[in-house]
Amino acid sequence: MAGHYTTLSFGCKLISTCVHPTRRRHFTPFLPFHWSSSLNTIQQQTTVHHYQSTNPNLSHRFGCHQSKPSSENPTMESIGVLMPAPMSSYLEQELEKRFNLLKLWTVPQKTQFLKDHSGSIRAFVGNAGNGADAELIEKLPKLEIVACFSVGVDKVDLNKCREKGIRVTNTPDVLTDDVADLAIGLTLAVLRRLCECDRYVRSGQWKKGDYKLTTKFTGKTVGIIGLGRIGKAVAKRAEAFSCPIAYYSRTAKPEPKYKYYPSVVELASNCDVLVVACPLTEETRHIVNREVIDALGPKGVLINIGRGPHVDEAELVSALVEGRLGGAGLDVYEKEPEVPEQLFGLENVVLLPHVGSGTVETRNVMADLVVENLEAHFLKKPLLTPVV
Ligand SMILES: O=CC(=O)O
């Protein structure tokens, strides 16, 4: 390792992946002037997203009143908003207040239902697992906007949307902290065997002897693929654990504290934690392949909080089973909710059910953002977080 990295040597390597919205800016529209001064004060103490929310919890926190929803926009009630699967009861409730919410999962004859309502469906709400592919988009001739209840838009056919002039929004920023927190949580869980220790206590094994020694996190080198919002948030947290930070991205960033590597293999060879903080695209599919896994080696740990297809899962499984990789903390998988069963018996692996942004607080703010993007669109105002 170059520079200050050369002085450090560790008994363990870590790789982490996460998704991030590379092209999104911090959004500040609709911020009333009187908020600005209170936000400035709050920002000195904590991370605050400049986002005017109808979420009463946030309104209370920011000392401002809740904005009025649908009553001001009665014409919106006839707009059909299609939701393919349950995502958040709060989101459903807020959409139902404003629009004609059509819950596809509640109807048995889905094809007929889509035909019957294709004349009124002008919006689609997707999430990480439920997107709008070309086939669905073709079935909805009146579709104007796809609002994703997720930061990742890999399940939406963006080209088709561009071609048809359909707008697309996502929920960046508001989930960054949770996803980055989870990356650190998974890292600690794998290195310190937190889940295995918990099982040890619950099964009564502690009475027969102490748990074995584990691996220290503080000071390990964390490598990040893609230094976007989530990548930077992971880096910031890892810095608090005195971890040197290294990263890969298409071009070097003005982050002199962090060591840049021009390839993922080089990064994996030179770090203990590798964070793939890039969106899932054709370019980043299987960005963690056999070569990267081998470069990480038997003391390395892969943490994936991005998308399953960032990693060649078959290669990952065989590397873990054969002991060619030190461990893995996974929140995402190639064919969710299917998880390779070969991983179930491995104590150096921690498996989560895609819960990166899954806190009540964050999901409610994400829901507000979905609703406000839809409202902005139908009121012909600028979208808060446009992708297309
Ligand atoms: O995976 C979750 C998201 O993209 O928000």
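None of these values were measured; they are calculated from a predicted model. (Residues numbered from 1 in each chain as written. Predicted model: local features only at pLDDT ≥ 70, side-chain atom pairs only at ≥ 80, totals over all residues. Heavy atoms only, no water.)

**Here we look at the overall build of the protein chain**
Heads up, the rule is: Strands here mean DSSP runs of E at least two residues long; helices mean DSSP runs of H or I at least four residues long; both are numbered from the N terminus. In this analysis, two residues are considered to be in contact whenever any of their non-hydrogen atoms come within 4.5 Å of each other. Exposure was quantified through the Shrake-Rupley algorithm and a 1.4 Å probe, taking into account, for residues, occlusion by the shown protein chains and nothing else.
Scanning the protein chain from terminus to terminus reveals 13 helices and 13 strands. Nonlocal contacts in the protein chain, meaning residues at least 24 apart in sequence, comprise 63% of its contacts between residues at least 6 apart. Accessible surface, the protein chain: about 17,900 Å² in total, of which carbon and sulfur atoms supply 52%.

**Here's the deal with the pairing of strand S3 (residues 100-103)**
For the record, the criterion: Whether two strands pair comes down to DSSP finding at least two bridges between them.
As paired strands, strand S2 (residues 80-83) and S3 are joined by four bridges and run parallel to one another. Its bridge partner being in S3, Gly 80 is matched across the sheet by Asn 100.

**Some remarks on the environment of Val 388**
Relative to the elements of secondary structure, Val 388 occurs in the segment after helix H13 (360-378). Sequence separation between Val 388 and Gly 327 is 61 residues; the distance between their C-alpha atoms is 38 Å. Apart from residues lying up to four places away in sequence, Val 388 is in contact with Leu 158, Arg 162, Ile 166, Arg 167 and Val 168.

**A look at the site of the ligand**
Cut-off, in case you're wondering: Note on definitions. A residue lies near a molecule or strand when any single heavy atom of the residue is within 4 Å of it. By the criterion applied in these results, polar contacts are pairs of N or O atoms within 3.5 Å in which, for protein atoms, one can donate a hydrogen and the other can accept it, and in which residues neighboring in sequence qualify only through two side-chain atoms.
Neighbouring the ligand are the residues Ala 128, Ser 150, Val 151, Gly 152, Leu 175, Arg 307 and His 354. For the ligand, an oxygen atom lies 2.6 Å from a polar atom in the side chain of Arg 307. His 354 is positioned such that a nitrogen or oxygen atom in its side chain is 2.7 Å from an oxygen atom of the ligand. Coverage of the ligand by the protein chains reaches 89% of its 200 Å² of free accessible surface.

**Thoughts on the packing of aromatic side chains**
Geometrically, a pair of aromatic rings is defined through the distance of the ring centres and the angle of the planes. Our working rule: In this scheme Phe, Tyr and Trp rings, the latter by its six-membered ring, pair at centre separations within 6.5 Å, and the angle between planes marks the pair as stacked below 30 degrees, edge-to-face above 60, and tilted otherwise.
For the structure on display, the rule yields four aromatic pairs. Their ring planes at 75° and their centres at 5.1 Å tell us that Tyr 200 and Tyr 211 sit as a pair that is edge-to-face. On the criterion of sequence distance, the pair formed by Tyr 200 in helix H8 (residues 194-202) and Tyr 211 in the loop between H8 and strand S7 (222-225) is long-range, its members being 11 residues apart. Judged by centre distance (4.7 Å) and plane angle (50°), the rings of Phe 217 and Phe 241 are tilted. Of the two residues, Phe 217 is situated in the loop between H8 and S7 and Phe 241 in the loop between helix H9 (229-239) and strand S8 (245-248); the sequence distance between them amounts to 24 residues.

**Quick look at the pairing of S8**
The test is simple: For the exposure calls, accessible area comes from a 1.4 Å probe over protein chains only, and a residue counts as buried if that area is under 20% of its type's maximum, exposed if over 50%, partly exposed in between. Call a crossover right-handed when, viewed with both strands pointing away from you, the route from the first strand across the helix to the second goes clockwise.
The side-chain alternation of S8 yields two buried faces, one formed by Ile 245 and Tyr 247 and the other by Ala 246 and Tyr 248. By the bridge criterion, four bridges tie S7 to S8 in an arrangement that is parallel. Bridge pairing links Ile 224 to Tyr 247 in S8. Tracing the backbone out of S7, into H9 and back to the parallel element S8 gives a crossover that is right-handed. As paired elements, S8 and strand S9 (residues 259-261) share three bridges and run parallel to each other. Across the sheet, the residue bridging to Tyr 247 is Tyr 260, located in S9.

**Some words on the nonpolar core**
Condition: Buried residues of nine kinds, namely Ala, Val, Leu, Ile, Met, Phe, Trp, Tyr and Cys, make up a nonpolar core once their side-chain atoms join them within 4.5 Å.
If you look at the biggest cluster of nonpolar residues, it comprises 59 residues, and the most contacted ones within it are Leu 91, Leu 95, Val 125, Val 222, Ile 224 and Leu 374. In terms of nonpolar packing, the next biggest core, distinct from the first, is built from 30 residues, Val 264, Leu 267, Ile 293 and Leu 302 among them.

**A closer look at the pattern of salt bridges**
A side chain with one charge can pair with a side chain of the opposite charge if their charged atoms come near. What counts, and what does not: Counted as salt bridges are all cases of a side-chain nitrogen of Lys or Arg within 4 Å of a carboxyl oxygen of Asp or Glu.
Within this structure, the stated rule accounts for 25 salt bridges. Among the ionic pairs, Lys 97 bridges to Glu 94, the shortest N-O distance being 2.9 Å. Here Lys 97 pairs with Glu 94, and both are found in helix H3 (residues 89-98), just three residues apart, close to one helical turn. Taking the shortest distance from any N to any O, the salt bridge between Arg 250 and Glu 283 comes out at 3.5 Å. Remark: Glu 283 occurs in the loop between strand S10 (273-277) and helix H11 (290-296) and Arg 250 occurs in the loop between S8 and S9; sequence separation between them is 33 residues. An identical accessibility class is assigned to Arg 250 and Glu 283; each is exposed. Among the charged side chains, a network of salt bridges with common partners joins Arg 290, Asp 294, Glu 315, Glu 322 and Arg 324.

**Considering the environment of Gly 356**
Positionally, Gly 356 belongs in the loop between strand S13 (349-351) and H13. Along the backbone, Gly 356 and Ile 305 are 51 residues apart, and their C-alpha atoms lie at a distance of 6.6 Å.

**Topic: the UniProt feature "domain: D-isomer specific 2-hydroxyacid dehydrogenase NAD-binding" (unreviewed entry) in the protein chain**
To be explicit about the condition: UniProt positions are given in the numbering used here, feature names are shortened, and annotations may be inferred rather than shown by experiment.
In the numbering used here, UniProt assigns the "domain: D-isomer specific 2-hydroxyacid dehydrogenase NAD-binding" (unreviewed entry) feature to residues 184-356. Structurally, residues 184-356 comprises 29% helix and 16% strand, and the distance from its first C-alpha atom to its last is 11 Å.

**Structural notes on the sheet that holds strand S6 (residues 167-169)**
Going by this rule: For every element, the axis is a line fit to its C-alpha atoms; helices are fit only across the contacting stretch, and the angle between N-to-C directions ranges from 0 to 180 degrees.
Taken in spatial order, the five strands line up as S3-S2-S4-S5-S6 in an open sheet, and their pairing is parallel. Every other strand in the sheet has two partners, leaving S3 and S6 as the edge strands with one partner each. On average, each strand axis in the sheet is tilted by 20° relative to the strand beside it, whichever way the strands run. Taken strand by strand, H13 contacts S2, strand S4 (121-126), strand S5 (145-148) and S6, and its axis lies near 160° from that of S5.

**Some words on the packing of H3 against H13**
Selection criterion: Relative orientations are named as follows: roughly parallel for angles under 35 degrees, roughly antiparallel for angles over 145 degrees, roughly perpendicular for angles from 65 to 115 degrees, and oblique for any other angle. Left-handed describes a crossing in which the near helix is turned anticlockwise from the far one by less than a right angle; the clockwise case is right-handed.
At a minimum axis separation of 9 Å, H3 and H13 run at an interaxial angle of 25°. As far as their axial angle goes, H13 and H3 are roughly parallel. Of the two elements, H3 crosses H13, and the hand of that crossing is right-handed. Note on element contacts: H13 touches H3 through Asn 364, Ala 367, Asp 368, Val 370, Val 371, Leu 374 and Glu 375, opposite Tyr 90, Leu 91, Glu 94, Leu 95 and Arg 98.

**A word on unusual backbone geometry**
In the segment running from Glu 336 into Pro 337, the intervening peptide bond is cis, with an omega of 5°. For His 286, which is not a glycine, the phi torsion comes out positive at approximately 55°. Considering the arrangement of structural elements, one finds His 286 in the loop between S10 and H11.

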